[in-house]
Amino acid sequence: MCRYSHTQKALQPIAFRQARPYLAAMDPVVFTKIARCVADASLDGSTEGEILACFGNALNEAGIPVTRAMLGADTLHPVLAGRIFIWHRDIPDVGLHEFGRSTTAEGDRKWRESPFYYLETSGESLFRFRLLGHNGDYPYPVLSELAQQGFTDYLVTMTRFGEKGVIGQLDSVYASWATTSDAGYTDAQLETLKALIPFAAAAVRGASVRRIADTLAETYLGRDAARRVLSGTIGRGDAERISAALWFSDLRGFTKLVDTVSPNLIVPLLNDYAGAAVSAIHAQGGEVLKFVGDGVLAIFRSNDHESASLRDACHAALLALRECRKNLREVRNRRANAGLPVTEMSVALHVGEALYGNFGGEDRLDFTVVGPAVNELSRISGLARSVEQPVIFSAAFRQAAGGLQEKAVSLGRYALRGVESPQELFTLDPILLRGV
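Description of the structure in this document. (Residues numbered from 1 in each chain as written. Predicted model: local features only at pLDDT ≥ 70, side-chain atom pairs only at ≥ 80, totals over all residues. Heavy atoms only, no water.)

Quick word on the pattern of salt bridges
Consideration 1: This model, assessed by the stated rule, comprises 21 salt bridges.
Consideration 2: Put simply, R128 and D153 hold a salt bridge, and the shortest N to O gap is 2.8 Å. Of this pair, R128 sits in strand β4 (residues 126–130) while D153 sits in strand β5 (residues 153–160); the two residues are 25 residues apart in sequence, bridging distant segments of the chain.
Consideration 3: What makes D153 buried here is its relative accessible area of 0%.
Consideration 4: The partner of D366 in a salt bridge is K290, with the nearest N and O atoms 2.6 Å apart. (Salt bridge = Lys/Arg side-chain N within 4 Å of Asp/Glu carboxyl O. Helix = DSSP H or I, 4+ residues; strand = E, 2+ residues; numbered from the N terminus. Buried < 20%, exposed > 50% of the residue type's maximum accessible area, 1.4 Å probe, protein only.)

Notes on the sheet that holds strand β2 (residues 80–88)
Consideration 1: Ordered by their spatial adjacency, 6 strands build an open sheet running β3-β2-β1-β6-β5-β4, and the pairing between neighbours is antiparallel. Only two strands of the sheet have a single neighbouring strand rather than two, namely β3 (91–100) and β4. Neighbouring strand axes in the sheet, compared pairwise and without regard to direction, differ in orientation by 10° on average.
Consideration 2: Looking at chain direction, strand β1 (residues 68–74) and β2 are connected through 7 bridges and run antiparallel. Bridging from a neighbouring strand, R68 pairs with H88 of β2.
Consideration 3: This element, helix α5 (residues 141–148), spans β1, β4 and β5 of the sheet and lies at about 135° to β5. (Pairing = 2+ DSSP bridges. Axes fitted to C-alpha atoms, helices over the stretch in contact; angles between N-to-C directions. Contact = heavy atoms within 4.5 Å.)

Notes on the pairing of β5
Consideration 1: Summarising burial for β5: 7 of the 8 residues are buried, a large majority.
Consideration 2: Judged from the 5 bridges that link them, β4 and β5 form a sheet pairing that is antiparallel. If you follow R128 over to β5, its bridge partner there is L155.
Consideration 3: Direction of pairing for β5 relative to strand β6 (residues 172–179): antiparallel, over a ladder of 8 bridges.

So this is what it looks like as structure tokens:
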């Protein structure tokens, strides 16, 4: 595949490489002002779209007539492959398109028929096509579309990062710069634009790295823990005492399942069941702190130590339980219909105070909860298997939640390892449980 220019005979291919900045036609003060605008936007923590808008507006103020700009970058994300931002001089809002890791045949075809694909595979950095006055065939479908929309000149750029600057799939910033100016881009405007693009790409990389840091922290630590860590709570032993409803769920019969099911079916099963719990917990404001094998540890924080606030936390946990069991029914039905293994989940609920923060070694920390209430939750969860109940909760949770007296069914008193006095445990009335 090659690039073309209508200024050469018979659409001869031309080779654009990184050109020397053409600054003679631009006041250095103006050039510096544009570069400074982009740098300030980056230092202020602006998003990729905001940086693109700042750059596009500054270019037009300096006399470089960019009508529409598109900027894209891959990312490091468990679901998304990358993001594309579209700025238009006459539209106030910057458009955002996020694309996933999986691609369709149609999407792959369009990608391979684009100038971006050529730049990626050829190692080139620039492609310019003058649409004004062109009468022949177009090497890429997008060029015909742009011509029909009244664009006169089109520049595509790919700014690659050095090896040490690559993070996951974020290894470059690709962009397009289209104009509807009657004369297209002059040589001076084009060279100045090419000289300024690396400034914008560096700023966009900084914004993308910040976004990646937020994503990774939330993915592996949880939303609240991520916010705390990124705001500076990273010291060993940095913790606060909180009051919360505590949740621990795990799969019943999972050990036996692992021994009898093909290993390649285990991870999808874990993802399906964990997803049912996590989405329900997040929907009610809970925080998933960690996965322990097939188990999920979560908290529903009380805003203070008052009983009313703790009751709200318990109610949030119960609403999450209802949503989780609804999700589980859908998961089991879908998997069973597909001939995939299914299992059941047990949920243990408790309430109490805990230390919430960083614990561990000097160079390996975990942001989680510790304390007697957490230990008791672990013991209660273990008993859920022996009493064969899908839901089990402590007397403390029953009392803190309020309104559970008539809905709770006592399972008796049990000695919990490491706990001085036997504890009465409860489940929900079987009739109510069927509706939960």
